[in-house]
Structure formats: C-alpha cells, structure tokens
Amino acid sequence: MALRAFGSLALGNLGLQAQVMQFAGATAMRAYATVEKGYKYAASHEWAKVDGDVATVGISDHAQGELGDVVYVELPDVGKAVKKGETFGVVESVKAASDVYSPISGEVVEVNSLLVDKPGTVNSSPFKEGWIIKVKLSNKGELSSLLDSDAYAKECEKH
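Since this is a predicted model, take the numbers as computed values, not measurements. (Residues numbered from 1 in each chain as written. Predicted model: local features only at pLDDT ≥ 70, side-chain atom pairs only at ≥ 80, totals over all residues. Heavy atoms only, no water.)

Draft legend 1. Focus on the environment of alanine 55. Structurally, alanine 55 can be placed in strand β5 (residues 54–59). For the pair alanine 55 and lysine 136, spaced 81 residues apart in the sequence, the C-alpha separation amounts to 6.5 Å. Look past the residues within four positions of alanine 55 in its chain and what remains in contact with it is Ala48, Lys49, Val50, Ile104, Ile133, Lys134, Val135 and Leu137. (Helix = DSSP H or I, 4+ residues; strand = E, 2+ residues; numbered from the N terminus. Contact = heavy atoms within 4.5 Å.)

Draft legend 2. Broad picture of the nonpolar core. With 24 residues, the main nonpolar core has Ile59, Val73, Phe88, Val91, Ile104, Ile132 and Ile133 as its most contacted residues. Breaking this core down by element, the ones donating at least two residues are β5, α2 (61–67), β6 (70–74), β8 (87–93), β10 (106–111) and β11 (133–137). Every residue in contact with isoleucine 132, bar those within four places of it in the chain, is listed here: Val57, Gly58, Ile59, Val73, Leu75, Phe88, Val91, Val100, Val111, Asn112 and Leu115. If you look at the next biggest cluster of nonpolar residues, it comprises 7 residues, including Tyr39, Trp47, Phe127 and Tyr152. (Core = buried A, V, L, I, M, F, W, Y, C linked by side-chain atoms within 4.5 Å. Buried < 20%, exposed > 50% of the residue type's maximum accessible area, 1.4 Å probe, protein only.)

Draft legend 3. How the structure looks around helix α5 (residues 149–157). Among all positions of α5, only Ser149, Tyr152 and Cys156 are buried. Down the axis of α5, the buried side of the element spans an arc of 65°, and every buried residue falls inside it. Capping the start of α5, aspartate 148 holds a side-chain oxygen 3.2 Å from the backbone nitrogen of aspartate 150, two or three residues further along. (Arc of directions from axis to C-beta. Polar contact = N/O pair within 3.5 Å; in protein donor to acceptor, adjacent residues only side chain to side chain.)

Any functional reading would require information that these geometric values do not contain.
Structure, rendered in structure tokens:
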C-alpha cells in the first residue's frame, strides 16, 4: 500500500496520472501521459494551441513518451505552407523516426530553433518549451475537427 501511494505521488510530481487496475487478484498501476486543457489534438498525437490567428504546434506527451529520448527534430523552413494531415517534419528518437503531421493548415511563421541543439526539450517540456512550429492559420474551421483534451485523453487510454 505504501509503495502504491509513493508511486502515485511520484507520477503526480512528473505530471502523470496513475490508474489502478486489478485483475486475477493482482493490482497494477499504469501511468498515463499528461493532456493539457485548452489545446486541440489530432488523433496522430500532435497538438495545436491557438492564439488569435496563429497556432503553436508540437507533439503530445503521449507521443514523446512512446518515442523515447528524442535526438533530432527536422524543422520546416519559415514561410512553408503546411496542410492539415500532411507531414511537415520528422522527430527521431533512440527508438524510431516518426513523421510529424500538421493538425491545421497555414503558413509556418516561426520554428523552435532551440530544438536544433536541444531536441530532448520535446521530451522534457512537450507543451511549453518543446513546441515545434507556429502557423498562421488559413482555415480556422479546421480546428473543429480536432479533439479537445477530454476526447484526446480517452483516445490515449486506448493505447
């Protein structure tokens, strides 16, 4: 019991949630990734945080957790047009390389150059310092097709 309480406390300090599961007389805990409120999510695990007509885009805590330690982030050029559902870059980790898809359409107005020298920032701060691009939205209506935080959390529970 004390170990379970310690595990829950440790996960909470890391921003993770624990779910206690019981089966066949055994108890287990499973950690879930953090899902930030106020963000919109694609089922492919990218997020968008909108401020006016610009969206900041990154990969979710779930995605970075599945990838493992990120060692390289391929950034697009400023001025590049991105389309909802199409790839705009790659995130490489010690486990795999994964395409990153744009959750919205528009023009890249800024890239996170911090990721060139510190790609692991995607792991340590996926929602704050680990953002990848900022996009001037060309179709705000696309945001309605993205998941809110509650729907995305349910999507992550399936994996």
